[in-house]
Amino acid sequence: RGVVALFCLVAASHALIMCPEKVCDNIKCDTSLTAESCSNNGGNLRVKGGFCQCCDTCVKQLDEGDDCTSAMFLGVPSTTECGKNLYCDFKSRQCSKPSCAMVKKSKEE
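Residues numbered from 1 in each chain as written. Predicted model: local features only at pLDDT ≥ 70, side-chain atom pairs only at ≥ 80, totals over all residues. Heavy atoms only, no water.

Draft legend 1. Structural view of the pattern of salt bridges. Taken as a whole, this structure holds 2 salt bridges when the rule is applied. Here E81 makes a salt bridge to R46, at a shortest N to O gap of 2.6 Å. Here R46 lies in strand 1 (residues 43–46) and E81 lies in strand 3 (residues 80–82), a separation of 35 residues in the sequence. Since its relative accessible area comes to 23%, E81 is described here as partly exposed. Ionic pairing is found between E64 and K97, a salt bridge with its closest N-O pair at 3.8 Å. Placement of E64 in the loop between strand 2 (57–62) and strand 3 and of K97 in the loop between strand 5 (94–96) and helix 3 (100–108) is noted, with a sequence separation of 33 residues between them. What makes E64 partly exposed here is its relative accessible area of 48%. (Salt bridge = Lys/Arg side-chain N within 4 Å of Asp/Glu carboxyl O. Helix = DSSP H or I, 4+ residues; strand = E, 2+ residues; numbered from the N terminus. Buried < 20%, exposed > 50% of the residue type's maximum accessible area, 1.4 Å probe, protein only.)

Draft legend 2. Broad picture of unusual backbone geometry. For K48, which is not a glycine, the phi torsion comes out positive at approximately 55°. Relative to the helices and strands, K48 is located in the loop between strand 1 and strand 2. Positive phi values are uncommon outside glycine, yet Q53 reaches one of about 60°. As for its position among the elements, Q53 is in the loop between strand 1 and strand 2. Looking at Q53, the relative accessible area reads 58%, which means it is exposed.

Draft legend 3. Just the sheet that holds strand 3, in detail. Strand order in the open sheet formed by 3 strands is 1-2-3, and the pairing between neighbours is mixed. For this open sheet the edge positions go to strand 1 and strand 3, each flanked by a neighbour on one side alone. Neighbour-to-neighbour, the strand axes of this sheet turn through a mean angle of 35°, independent of strand direction. (Pairing = 2+ DSSP bridges. Axes fitted to C-alpha atoms, helices over the stretch in contact; angles between N-to-C directions.)

Draft legend 4. Fine view of the state of the cysteines. For the structure shown, the criterion picks out 6 disulfides. By sequence order of its bonded cysteines, the protein chain has the disulfide arrangement 1-5, 2-6, 3-7, 4-8, 9-11, 10-12. (Disulfide = S-S within 2.5 Å.)

Draft legend 5. Broad picture of the pairing of strand 2. Note: strand 1 against strand 2, 4 bridges, orientation antiparallel. Bridging from a neighbouring strand, L45 pairs with C58 of strand 2. For strand 2 and strand 3, the ladder comprises 3 bridges, and the chain directions are parallel. Bridge pairing links Q61 to E81 in strand 3.

This is the structure:
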């Protein structure tokens, strides 16, 4: 039941956020942000990953056991995400390794 409610909330939040035409004309992006500078700070560069896809952004990679609550905010570009081979467990709100069953299921899809 909780998964269905979460799905509905995500769908509704995306419907509410609309970017006005030419909104990026009024936004100043950090032009010093590069893949290297982002990587040096434990992140990955996400091209056009900011609000309304105006600016590039650096997304910090979280480690296993880190709190991933900030990655759950709906409708707002996240500045963090669980690192490679991890996922955000919505129950514990921590980055976790997938179970064997989850890995097997993803390979079947």
